[in-house]
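The lines below spell out each chain.
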Amino acid sequence: MHSSNSWGGSLEITANNGGDSTTEEDNRSRNLDWDRASINHQQQQYNYDRSRNLDETQQSWLLGPPEKKKKKYVDLGCIVCSRKALKYTFYAIVVAFLVIALPTIVAKLWPKHKPRPSPPDNYTLALHKALLFFNAQKSGKLPKSNGIPWRGDSGLQDGSKLTDVKGGLVGGYYDAGDNIKFHFPMSFAMTMLSWSVIEYEHKYRAIGEYDHIKDLIKWGTDYLLRTFNSTATKIDKIYTQVGGALNNSRTPDDHYCWQRPEDMNYERPVQTATSGPDLAGEMAAALAAASIVFRDNTQYSKKLVKGAETLFDFARDFGKRTSYCRGNPYIEPFYNSTNYFDEFMWGSAWLYYATGNKTYISLATNPGLSKNSNALFMIPDLSVLSWDNKLPAAMLLLTRMRIFLNPGYPYEEMLSSYHNITSLTMCSYLQRFQVFNFTKGGLIQLNHGRGQPLQYVANAAFLASLFVDYMNATGVPGWNCGPNFISFNDLRSFATSQINYILGENPLKMSYVVGYGNKFPRHVHHRGASIPTGKTKYSCTGGWRWRDTKSPNPHNITGAMVGGPDKFDKFKDTRANFSYTEPTLAGNAGLVAALVSLTSSGGYGVDKNAIFSAVPPLYPMNPPPPPPWKP
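Residues numbered from 1 in each chain as written. Predicted model: local features only at pLDDT ≥ 70, side-chain atom pairs only at ≥ 80, totals over all residues. Heavy atoms only, no water.

In the annotation of an unreviewed UniProt entry, the protein chain is listed under the name Endoglucanase and assigned to Datura stramonium. What UniProt records for the protein chain under Catalytic activity (unreviewed entry) is the sentence "Endohydrolysis of (1->4)-beta-D-glucosidic linkages in cellulose, lichenin and cereal beta-D-glucans." (UniProt positions renumbered as here; feature names shortened; annotations may be inferred.)

As structure tokens, this is what we get:
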């Protein structure tokens, strides 16, 4: 049966054969208790059969919109997230582990091979050896760690007859190849070593020599403190020398006899001075400089300062201005002092840095002092630093104050003059200005071709290198020598060329530092090194056989810088000629200072502030802020 639909189109109504609607409803009602799975299957079959007889439009009416695919989620307990997000998160973690974490873990666990430190430069190698010379020169009861197997205890009876020195004058250093303890050059050597430590402590630490050089300085200053009454505030004498010899003497003494220090059996007289502005001034400089080195040892540093002040008061006593060596035949022919005003400037500068007492800097910058010392006359010989002449070193030390502290009035005028003379001194070292002659091999002749030139050369190299470091610390690229602008590279080249000459860059290709390089002096004028050790003790004249033999020394006195070549670059490696082959305490101190200034170990530059640790502010301090206002 077909009827018309009110929306248009035909509507076919299909009925079961022979069945009515009531019966159909009853059957459905009964089927509610059937198995739901079978019902669903029948229902699906029914819908399928019907859909076969419907067009697409009708099917869409019947089925409705397609069912959307449900997203899949994962319940993690505290949060719920989609599986897709979880998957990408997992992938990201894996990638991060492979890219970041894994290389980090491998780097941490991989066996570490520390990069090898750069090999030490030649200056460092030579410096290690140059310091050993001082170990070989020690007098007294030696520590087991002294490190020189052919040296032993010696000079244990030195000064034993003195009633005012408990324990006598045991200790200190022998000066050179003889067995004499000259206090004047010994003090200068300790001052130079201390100065080098104050400026270049970081370098000594870098090469592992800081404790060693401090021990060497203390060995010297401990002894110097015994040479006068260091517990008093006022003294009337100082001991100036232990041992000695008279020229052309034929009686047993330290020159006539050729014996190891350990075997000495002759009289060793002690020299005394009741006037000594030069020696006392140098000793004061040594103790004051050392007090800065030992500033971490407060008690010892104060002891050194007290001794330095006592000595300087003795030096400045107007009624005692006769040179310490005047008329003394045991000293004057060997270490004669030609002036004492340079020691006044040198000692007062060091005492100012050690104490901060302005009376010392006032003295150091007093125009009368510079006049009496001829400091401002620019005399070439006075620009040569030595155990006798401290002017160039004193003026450089005071120039340091002007460069880094800039104290102004009332010191500026004299400090500016010292700075100017220091600059001219540096000009005089350069070959182009022809102030000093140079050998064909390039060695400056600061002592005009006389014997033992190297000690003066080493001192000049140190001053030049230190001046460069001072100026570099201020960012200044050079200085003027008259109308000529000179780069500091030129001055540094002078310093390196002179030390390189000493170390073997010379016409003979010989190192003048024993034990450095392959070719060095083997017949050093040195009693201890030239006589074999053993049970045999050679008498005063019995040791002559070792002095006169053509054989090399049985012991190399490692680190000793010998006297050096002549003005023609010639050198005679002979024990009999001391001007060629004898080392000295003062000479080696200058060499050590020059080497540490030039080495690249530990970096370049100086310690600008350590030397000023005791210097108070030069200007009034700012007043404290007012208290907070209260209503």
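Our focus in this paragraph is the overall build of the protein chain. Each helix and strand counted, the protein chain has 20 helices and 9 strands in total. In the protein chain, buried positions account for 50% of the 631 residues. Contacts in the protein chain between residues far apart in sequence, at least 24 positions, make up 73% of those at least 6 positions apart. Total accessible area computed for the protein chain in this model is approximately 32,500 Å², and 54% of it derives from carbon and sulfur atoms. (Helix = DSSP H or I, 4+ residues; strand = E, 2+ residues; numbered from the N terminus. Buried < 20%, exposed > 50% of the residue type's maximum accessible area, 1.4 Å probe, protein only. Contact = heavy atoms within 4.5 Å. Areas by Shrake-Rupley, 256 points an atom, 1.4 Å probe, with all protein chains shown as cover.)

Here the bond from Y409 into P410 is cis, since omega is 5°, no more than 30 degrees from zero. Located in the positive-phi region is Q434, a residue other than glycine, with phi close to 55°. A positive phi angle is found at D569, which is not glycine, with a value near 65°. Here D569 is to be found in the loop between helix 18 (544–548) and helix 19 (578–581). On the basis of relative accessible area, D569 is assigned to the buried category, the value being 5%.

Turning next to the state of the cysteines. This structure, assessed with the given rule, holds 2 disulfides. Through a disulfide, C257 is tied to C540; the S-S separation comes to 2.0 Å. Taking the sign of the S-S torsion, -90° for the link of C257 and C540, the bridge is left-handed. Taken together, the positions of C257 in the loop between strand 6 (238–242) and strand 7 (270–273) and C540 in the loop between helix 17 (527–530) and helix 18 put the pair 283 residues apart, joining distant regions of the chain. Looking at C257, the relative accessible area reads 1%, which means it is buried. You can call C540 buried: its relative accessible area is 11%. Note on cysteine connectivity: C427 is disulfide-linked to C481, with sulfurs 1.9 Å apart. (Disulfide = S-S within 2.5 Å.)

Looking now at the side chain of S196. Structurally, S196 can be placed in helix 6 (residues 183–206). Filtering out sequence-adjacent residues up to four positions away, S196 remains in contact with E201, Y204, I213, A593 and V596.

Bringing the environment of S230 into the picture now. You can see S230 is positioned in the loop between helix 7 (210–224) and strand 6. With relative accessibility at 12%, the residue S230 sits in the buried group. Separated by 79 residues in sequence, S230 and E309 have C-alpha atoms that sit 9.8 Å apart. Those residues in contact with S230 that lie beyond four places of it in its chain are L225 and K306. Here the side chain of S230 touches L225 through a polar contact of 3.4 Å, landing on its backbone oxygen. (Polar contact = N/O pair within 3.5 Å; in protein donor to acceptor, adjacent residues only side chain to side chain.)

It is worth spelling out the layout of surface pockets at this point. Considering only enclosed or pocket space, the second largest pocket measures out at about 1,200 Å³ in volume. Taken together, 48 residues line the second largest pocket, and the ones lying closest to its centre are P333, F334, Y335, Q452 and F578. At 3 residues, the largest contribution of residues to the lining of the second largest pocket is made by helix 18. Along the lines of polarity and charge, the residues of the lining of the second largest pocket split into 18 nonpolar, 17 polar and 13 charged. (1 Å grid on protein atoms, 1.4 Å probe; cavity = no way out; pocket = protein on both sides within 12 Å on 5 of 7 lines; lining within 4 Å. Points joined across faces, edges and corners; volume = space filled by probe spheres on them. Nonpolar A, V, L, I, M, F, W, Y, C, P; charged D, E, K, R; others polar.)

Once that is clear, we can look at the pattern of salt bridges. For the coordinates displayed, the defined rule picks out 20 salt bridges. A salt bridge links E201 to R295, with the nearest nitrogen and oxygen atoms 3.3 Å apart. One end of the pair, E201, is in helix 6; the other, R295, is in the loop between helix 8 (277–293) and helix 9 (298–316), with 94 residues separating them in the sequence. What makes E201 buried here is its relative accessible area of 13%. Residue D490 is joined to R432 by a salt bridge in which the shortest nitrogen-to-oxygen separation is 3.2 Å. (Salt bridge = Lys/Arg side-chain N within 4 Å of Asp/Glu carboxyl O.)

Attention now goes to the packing of aromatic side chains. For the coordinates displayed, the defined rule picks out 30 aromatic pairs. Centre to centre, the rings of Y429 and F494 are 5.5 Å apart; their planes meet at 15°, and the pair counts as stacked. With Y429 in the loop between helix 14 (412–428) and helix 15 (454–472) and F494 in helix 16 (residues 488–503), the pair connects residues that are 65 residues apart, well separated along the chain. Exposure remark for F494: the relative accessible area of 5% places this residue in the buried category. Taking the centre distance of 5.7 Å and the plane angle of 90° together, the rings of F571 and Y580 count as edge-to-face. Using a relative accessible area of 12% as the deciding quantity, one classes F571 as buried. Of note, R205 hangs over the ring of Y210, and the distance from its end group to the ring centre comes to 4.0 Å. Its end group placed over the ring of Y300, K218 keeps NZ or CZ at 4.7 Å from the ring centre. (Phe/Tyr/Trp six-rings, centres within 6.5 Å; stacked < 30°, edge-to-face > 60°. Lys NZ or Arg CZ within 6 Å of the ring centre and 35° of its normal.)

Turning our eyes to something else, we now look at the sheet that holds strand 7. Overall, antiparallel pairing links the 3 strands, which are arranged 5-6-7 in an open sheet. Where the open sheet ends on each side, the last strands, each with one partner, are strand 5 (181–182) and strand 7. As paired elements, strand 5 and strand 6 share 2 bridges and run antiparallel to each other. Within strand 6, the residue paired with K181 across the bridge is V242. (Pairing = 2+ DSSP bridges.)

Looking now at the UniProt feature "active site" (unreviewed entry) in the protein chain. The UniProt record annotates "active site" (unreviewed entry) at H525, D573 and E582. What stands out for the annotated residues spanning 58 residues is how close their C-alpha atoms remain, the widest pair being 10.2 Å apart. Put simply, the named residues that line the second largest pocket are H525 and E582. Mapping H525 onto the fold places it in the loop between helix 16 and helix 17. The contact partners of H525, leaving out residues within four places of it in the chain, are G177, W258, R575, F578, T581, E582 and P583. Mapping D573 onto the fold places it in the loop between helix 18 and helix 19. The class of D573 is partly exposed, set by a relative accessible area of 24%. Reaching out from D573, the side chain makes a polar contact with the backbone nitrogen of R522 at a distance of 2.9 Å.

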